[in-house]
Amino acid sequence: MTTNSKRDPKKRPTADETFLDICDVVRKRSTCLRRAVGAVLVKDGQVLATGYNGAPRGLPHCKTCLREELKVPSGERAELCRGVHAEQNVIIQAARHGVNIKDSTLFVTNFPCSICAKMLINAGIKKIVYRDHYTDELSLKLLTEADIEIVKYK
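My aim in this report is to walk through the structure given alongside it, one point at a time. Model, not experiment: these values are computed from the prediction. (Residues numbered from 1 in each chain as written. Predicted model: local features only at pLDDT ≥ 70, side-chain atom pairs only at ≥ 80, totals over all residues. Heavy atoms only, no water.)

1. Concerning the packing of helix 3 (residues 86-96) against helix 4 (residues 114-123)
The condition that has to hold: Between N-to-C directions, angles span 0 to 180 degrees; the directions come from axes that are lines fitted to C-alpha atoms, helices contributing only their stretch in contact. Strands here are runs of E lasting at least two residues and helices are runs of H or I lasting at least four, both read from the DSSP assignment and numbered beginning at the N terminus. Should an angle fall under 35 degrees it is taken as roughly parallel, and over 145 as roughly antiparallel, whereas 65 to 115 is taken as roughly perpendicular and any remaining angle as oblique. Here a crossing is called left-handed whenever its near helix is offset anticlockwise from the far helix by less than a right angle, and right-handed whenever the offset is clockwise. Throughout, a contact is declared for two residues whenever any of their heavy atoms are within 4.5 Å. Residues are grouped as follows: nonpolar covers Ala, Val, Leu, Ile, Met, Phe, Trp, Tyr, Cys and Pro; charged covers Asp, Glu, Lys and Arg; every other residue, Gly included, is treated as polar.
The N-to-C vectors of helix 3 and helix 4 enclose an angle of 30°; their axes lie 9 Å apart at closest approach. As summarised for this structure, helix 3 and helix 4 are arranged roughly parallel, according to the angle between their axes. Of the two elements, helix 3 crosses helix 4, and the hand of that crossing is left-handed. Contact residues: helix 3 offers Glu 87, Gln 88 and Ile 91, while helix 4 offers Ile 115, Cys 116, Met 119, Leu 120 and Ala 123. Class assignment of the residues belonging to the contact of helix 3 with helix 4 gives a composition of six nonpolar, one polar and one charged.

If you want it as C-alpha cells, here you go:
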C-alpha cells in the first residue's frame, strides 16, 4: 500500500465543504432547465441519501420550461413545474430505502422553498447548510419557528 506523502493535511476540506461538494456532484444529475439543485442528508458524519431536482421517476424530462414561457418569477407558482425539488427527492429517496433521517443535517446548494421547508420540518431535519440564497421569506419564518439551525456556507 502506498501513501501520498505530498498531501498537505492543512488543505483537507472541512466536513461542510465535503458535503457541499457532494451536493455539486449530485446536482449534475438534475434535469431541470431552469436551476440545478443538489441535496445530501447527513447524520453522524455519514451520507444517508442524495437528491436532485427533476421530473418524477420514469416520466419524460422537460423539453421546455413552462414557468419560463409564462415568465413566472422564481419562487412563485411551483405547482406549474413538473419537477420534484432536490429536498423532496432526498426525503423520498431515504423513505424508499427505509433510512431514518430524523435529526439529520441537510446540505443543499440553494436555500429551500417554503414547500420544501414544511417537508423538512415534518421529516425532523435539525440543521440546514446551504450555499446560495433563494428568497422565500415564508420558508425562513417556518424554519426559524421550527427551531431548525440554518447555516449559510461562505
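2. Considering the packing of helix 4 against helix 5 (residues 137-145)
Two numbers describe how helix 4 lies on helix 5: the axes approach to 8 Å, and their chain directions differ by 15°. The angle between the axes of helix 4 and helix 5 places the two elements in the roughly parallel class. In this structure, helix 4 crosses over helix 5, and the sense of that crossing is right-handed. Along the contact surface, helix 4 presents Ser 114, Ala 117, Lys 118 and Ile 121, while helix 5 presents Leu 138, Ser 139, Leu 142 and Leu 143. Here the residues of the contact of helix 4 with helix 5 sort into five nonpolar, two polar and one charged.

3. Digging into the sheet that holds strand 5 (residues 149-152)
What counts, and what does not: Strand pairing is assigned whenever DSSP identifies at least 2 bridges connecting the two strands.
Spatially, five strands are ordered 2-1-3-4-5 in an open sheet, and the strand pairing comes out mixed. The open sheet has two edge strands with one neighbour each: strand 2 (46-52) and strand 5. Ignoring which end each strand starts from, the neighbouring axes of this sheet average 20° apart. Where strand 1 (residues 38-43) lies against strand 2, six bridges are found, and the strand directions are antiparallel. Opposite Leu 41, over in strand 2, you have Ala 49 as the bridge partner.

4. Overview of the packing of aromatic side chains
Where we set the bar: To pair, rings of Phe, Tyr and Trp, with the six-membered ring standing in for Trp, must have centres within 6.5 Å; the planes then decide the type, stacked if under 30 degrees apart, edge-to-face if over 60, and tilted in the middle. Exposure is judged per residue with a 1.4 Å probe applied to protein chains only, and the accessible area is read against the type maximum: over 50% gives exposed, under 20% gives buried, and values in between give partly exposed.
Applying the stated criterion to the full structure yields two aromatic pairs. Between Phe 111 and Tyr 130 the ring centres are 4.9 Å apart and the planes differ by 70°, which places this aromatic pair in the edge-to-face class. One end of the pair, Phe 111, is in the loop between strand 3 (105-110) and helix 4; the other, Tyr 130, is in strand 4 (residues 127-132), with 19 residues separating them in the sequence. When sorted by exposure, Phe 111 lands in the same class as Tyr 130, which is buried.

5. Details of the nonpolar core
Keep this limit in mind: Buried Ala, Val, Leu, Ile, Met, Phe, Trp, Tyr and Cys residues that are joined via side-chain atoms within 4.5 Å together make up what is termed a nonpolar core.
Among the nonpolar cores identified, the biggest contains 23 residues, and Val 90, Ile 101, Leu 106, Val 108, Ile 125 and Ile 128 are the most heavily contacted of them. For this core, the elements supplying multiple residues, two or more each, are strand 1, helix 3, strand 3, helix 4 and strand 4. If near-sequence neighbours (up to four positions away) are discounted, Leu 106 is found in contact with Ala 39, Val 40, Leu 41, Glu 87, Val 90, Leu 120, Ile 125, Lys 127, Ile 128 and Val 129. Counting residues in each nonpolar core, the second largest holds seven residues, with Phe 19, Cys 23, Phe 107 and Val 129 among its members.

6. Considering the pairing of strand 3
Put simply, the test is: The crossover handedness rule: strands pointing away from the viewer, path from first strand over the helix to second strand clockwise, crossover right-handed.
Burial analysis of strand 3 places six of its six residues in the buried class, the great majority of the element. Pairing geometry for strand 1 and strand 3, over four bridges, is antiparallel. Note on strand 3: the bridge partner recorded for Leu 41 is Leu 106. What joins strand 3 to strand 4 is helix 4, and the crossover it makes is right-handed.

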